[in-house]
Amino acid sequence: MIGLPSGTRVWLVAGHTDMRKGFDGLAALVQTALAESPFCGHVFVFRGRRGDILKVLWFDGQGLMLLAKRLERGRFVWPQADSGRVALTPAQLSMLLEGIDWRMPRRTHEPQLAA
């Protein structure tokens with residue numbers, strides 16, 4: 001993932017999005033559904049109906065960037081809400097893109113007492 005500037009907000013767009021949409025369609029969705037400007041520098045993440053495809057829309061100050069990822073197995077973890085948005089941290093976005101459950105990450109090893 002590309003390093004995001006500090007202060008960049010990450011928004012999951014709740015519900016399902018038509019993955020045929022490109023730059024303009026997703027930017028219009030940000031404006032109408034979220035009442036946000038797609039050019040504000042925040043990251044907007046969209047998921048398809050089947051849950052195996054994500055698209056990420058981000059304005060980096062020079063132009064819109066559209067990233068897409070398709071999982072070969074499994075589905076991306078997504079909130080149950082049908083509308084609105086959910087805020088994520090950049091670390092949670094990284095987990096989401098890796099197919100990890102970003103809602104409740106667990107450590108793989110619990111430290112034991114040293115003595």
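Everything here concerns the structure above.
Throughout, residues of each chain are indexed from 1 in the direction in which the sequence is written. Given that the model is predicted, a residue must reach a pLDDT of at least 70 before its local features are reported, and side-chain atom pairs must reach 80 or more before they are shown or counted; all residues, however, enter totals for whole chains, interfaces and linings. Excluded from the side-chain calculations are hydrogens and water; all other atoms, namely the structure's heavy atoms, are used.

This brings us to the environment of L4. In DSSP terms, a helix is any run of H or I states spanning at least four residues, a strand is any run of E spanning at least two, and both are numbered starting from the N terminus. Of note, L4 is situated in the segment before β1 (10-13). On a C-alpha basis, the gap between L4 and G41 in space is 9.5 Å, while along the polypeptide they are 37 residues apart. Between two residues, a contact is recorded if the distance between any of their heavy atoms is within 4.5 Å. Apart from residues lying up to four places away in sequence, L4 is in contact with V10, V43, W58 and L93.

In this section: the sheet that holds strand β3 (residues 53-59). When DSSP finds at least two bridges between two strands, those strands are taken to pair. Taken in spatial order, the five strands of this open sheet run β4-β3-β2-β1-β5, and their pairing is mixed. Two strands close off the open sheet at either side, each with one partner strand: β4 (64-70) and β5 (85-88). Shown here is a sheet whose adjacent strand axes are inclined to one another by a mean of 25°, direction ignored. With three bridges joining them, β1 and strand β2 (residues 43-47) adopt parallel strand pairing. Note on β2: the bridge partner recorded for L12 is V45. Only the contacting stretch of a helix is used when fitting its axis, a line to C-alpha atoms as for every element, and angles between N-to-C directions run 0 to 180 degrees. The strands touched by helix α2 (residues 90-97) are β1, β2, β3, β4 and β5; relative to β5, the strand with the most contacts, the crossing angle is about 105°.

To continue, consider the environment of L54. Among the secondary structure elements, L54 is positioned in strand β3. Summary of the burial criterion: residues with accessible area below 20% of their type's maximum are buried, those above 50% are exposed, and those between are partly exposed, where the area comes from a 1.4 Å probe applied to protein chains only. Owing to a relative accessible area of 1%, L54 belongs among the buried residues under this scheme. Sequence separation between L54 and R70 is 16 residues; the distance between their C-alpha atoms is 6.6 Å. Excluding residues within four positions of it along the chain, L54 makes contact with V45, F46, R47, L67, A68, K69, F76, W78, L96 and L97.

Moving on, we get to the pairing of β4. Inspection of the sheet shows β3 paired to β4 by seven bridges, in the antiparallel sense. Bridge assignment links W58 to a residue of β4, and that residue is M65. Counted between consecutive antiparallel strands, the loop separating β3 from β4 contains four residues, among which G61 sits at a positive phi close to 105°.

In this structure, A35 takes a positive phi of about 55° despite not being glycine. Relative to the assigned elements, A35 resides in the loop between α1 (23-33) and β2. Judged by relative accessible area, which is 66%, A35 ranks as exposed.

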